[in-house]
Amino acid sequence: MKAGQKKRLFGTNGIRGTPNVDLTPNFAMEIGQSIGSYFHTGRIAIATDTRLTGAMIQAAVGSGIMSTGTELVSLGILPTPGLQFYCRTHSIFGVMITASHNPPQFNGIKCIDKDGTELSEENEIGVEEVYFSRKFTVPDWSKCGTLRQDNSADSAYVSAIIGRVDASAISRSNFRVAFDAGNGASYQTTPAMLSDLGAQVVSLNCNADGRFTSRESEPKPENLASLLELVKSGQFDLGIAHDGDADRAVFIDEKGKFIDGDKTLSLIVSHTARKGDTVVTPISSSDCISEVCDRVGARLIRTKVGAPIVSRKMIELKARIGGEENGGVIYSEHQVCRDGAMTAALVLQLMAKTGSSISNLIGELPKYTLTKRAVHITKPWSELLLSLEDEISGKDVDRMDGIKIKEGKNWVLIRPSGTEPIVRLYAQGKEEKQSKELADRYQNMLEKLMK
Ligand code: MG
């Protein structure tokens with residue numbers, strides 16, 4: 001950390017840590033005190049994903065919040081977008097206990113603003129300042145906050161999504177859907193939504209197992225072997241999987257082929273955006289979305305990587321759709337944050353309305369492939385970047401976030417992770433061969449530079 005730079009607790013996705021190591025009950029309680037003192041609001045909502053330590057961290061954060069004189073509204077296990085929907089519709093701040101797609105030994109604390117978006121960095125710094133200065137609000141015992149349970153959040157969330165799509169058109173299609181919750185927070189909400197939309201659902205891993213014993217939480221092909229196998233049987237129109245807190249959705253086509261999140265985003269944009277609409281996506285999404293926006297006459301705005309950045313830009317520009325290449329789609333008519341179940345409902349709607357199979361719909365998109373890698377780094381990113389600059393001098397680069405190097409119609413984006421000692425590498429090609437070649441070449445270059 002540079003001199004003068006303040007220590008940060010919140011990363012790109014809230015505070016992450018290992019319970020009983022760095023995310024101790026005492027620390028979580030003090031974060032609760034800081035949140036309650038900073039917002040100084042009458043009540044705060046709290047929810048968790050299914051992690052084994054969720055109840056423990058929730059109790060500690062909740063205790064800290066109540067000690068500041070704030071009523072705690074406990075919503076139980078919910079997808080992160082379920083809490084976000086509750087916050088916006090009740091105009092209440094929220095705290096989500098989750099580590100999203102990270103392995104089960106981790107957990108995290110994420111704050112949600114009254115409008116349902118992730119808390120702004122400015123407010124996160126405000127919470128941190130209370131934490132570091134220890135200026136906690138400590139009222140008399142008679143003014144301590146109490147605990148209220150609200151069990152209505154999950155059904156209200158599911159109903160809201162159903163209300164945003166043509167439920168009767170979807171129901172008439174009698175879709176056969178295989179769904180994998182990965183033991184995560186969507187284990188009840190997404191199956192309920194799919195059933196309400198008239199789908200015949202076969203559920204996988206829809207038990208709230210906080211050890212994630214059935215599969216790893218990140219919904220990538222290597223973690224979805226059972227779902228891929230099941231859909232390959234030919235008995236389903238669509239396979240759906242979420243990450244642990246269900247703000248993202250990925251899909252499997254009727255032949256059992258994994259659909260990259262980059263394609264899902266472009267598909268939804270191609271059928272949902274209208275002429276004159278604004279669409280927002282980070283620079284990590286492929287140019288497929290640029291071509292799709294040109295086709296429909298929508299304006300595309302690129303941002304730095306990070307879902308909260310996309311959400312904020314969408315609010316600023318009143319954008320209809322946005323999202324990331326990892327299955328995080330934001331449909332602002334419902335709410336301006338990533339929402340896995342909403343994404344699934346939109347995909348079913350466009351299948352119902354077009355009468356086409358998901359593989360045909362994907363086949364109509366401009367052809368682009370995105371190869372993604374995570375490269376472990378042994379040198380600080382700033383040092384690595386300097387050496388990298390020497391290697392690529394003379395090339396066309398974009399420095400909006402990390403470094404994006406253009407090679408004709410293809411490009412590679414290299415950026416440091418906000419949470420781990422890795423750099424993320426995204427390579428775009430028209431064909432998979434090209435994107436892999438580009439990824440290999442830059443990965444080798446990085447590895448050579450670290451020696
Ligand atoms: Mg997530």
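Summary of the structure given here. (Residues numbered from 1 in each chain as written. Predicted model: local features only at pLDDT ≥ 70, side-chain atom pairs only at ≥ 80, totals over all residues. Heavy atoms only, no water.)

### Focus on the coordination of the magnesium ion
Thinking step 1. Within the protein, S100 (OG), D243 (OD), D245 (OD) and D247 (OD) serve as the donor atoms for the magnesium ion, at 2.0 to 2.2 Å.
Thinking step 2. Each donor residue of the magnesium ion lies on one chain, and together they are spaced S-x142-D-x1-D-x1-D. Here S100 is found in the loop between β4 (93-97) and β5 (107-112), whereas its partner D243 is found in the loop between β9 (238-242) and β10 (249-252), with 143 residues between them in sequence. The same class applies to S100 as to D243, namely buried. (Donors = N, O, S within 2.8 Å, 3.2 Å for Na, K, Ca; no water. Helix = DSSP H or I, 4+ residues; strand = E, 2+ residues; numbered from the N terminus. Buried < 20%, exposed > 50% of the residue type's maximum accessible area, 1.4 Å probe, protein only.)

### Overview of the sheet that holds β9
Thinking step 1. Taken in spatial order, the 5 strands line up as β8-β7-β9-β10-β11 in an open sheet, and their pairing is mixed. For this open sheet the edge positions go to β8 (200-204) and β11 (258-259), each flanked by a neighbour on one side alone.
Thinking step 2. Inspection of the sheet shows strand β7 (residues 176-180) paired to β8 by 5 bridges, in the parallel sense. Bridged to V177 within β8 is V201.
Thinking step 3. Running over the sheet, helix α7 (residues 189-196) touches β7, β8 and β9 and is turned about 175 degrees from β7.
Thinking step 4. In the packing of helix α12 (residues 340-354) onto the sheet, contacts are made with β7, β9 and β10, and the angle to β9 comes to roughly 165 degrees. (Pairing = 2+ DSSP bridges. Contact = heavy atoms within 4.5 Å. Axes fitted to C-alpha atoms, helices over the stretch in contact; angles between N-to-C directions.)

### So, unusual backbone geometry
Most of the time, phi is negative for any residue but glycine, and the peptide bond is trans.
Thinking step 1. Its identity is not glycine, yet N183 carries a phi of approximately 65 degrees, on the positive side.
Thinking step 2. If you trace the backbone, N183 turns up in the loop between β7 and α7.
Thinking step 3. The class for N183 is buried, based on a relative accessible area of 1%.
Thinking step 4. The backbone of A246 shows a phi angle near 60 degrees, a positive value even though the residue is not glycine.
Thinking step 5. Here A246 shows up in the loop between β9 and β10.

### Considering the nonpolar core
Thinking step 1. Ranked by internal contacts, the top residues of the largest apolar core, which has 51 residues, are M193, V269 and L348.
Thinking step 2. The element contributing the most residues to this core is α12, with 10 residues.
Thinking step 3. Non-local contacts of M193, meaning those with residues more than four positions away in its chain, are made with V158, I161, I162, A341, A344 and A345.
Thinking step 4. Counting 25 residues, the second largest nonpolar core, distinct from the first, contains L9, F27, A28 and V61. (Core = buried A, V, L, I, M, F, W, Y, C linked by side-chain atoms within 4.5 Å.)

Everything listed here is a matter of coordinates, which is why it stays silent on function.
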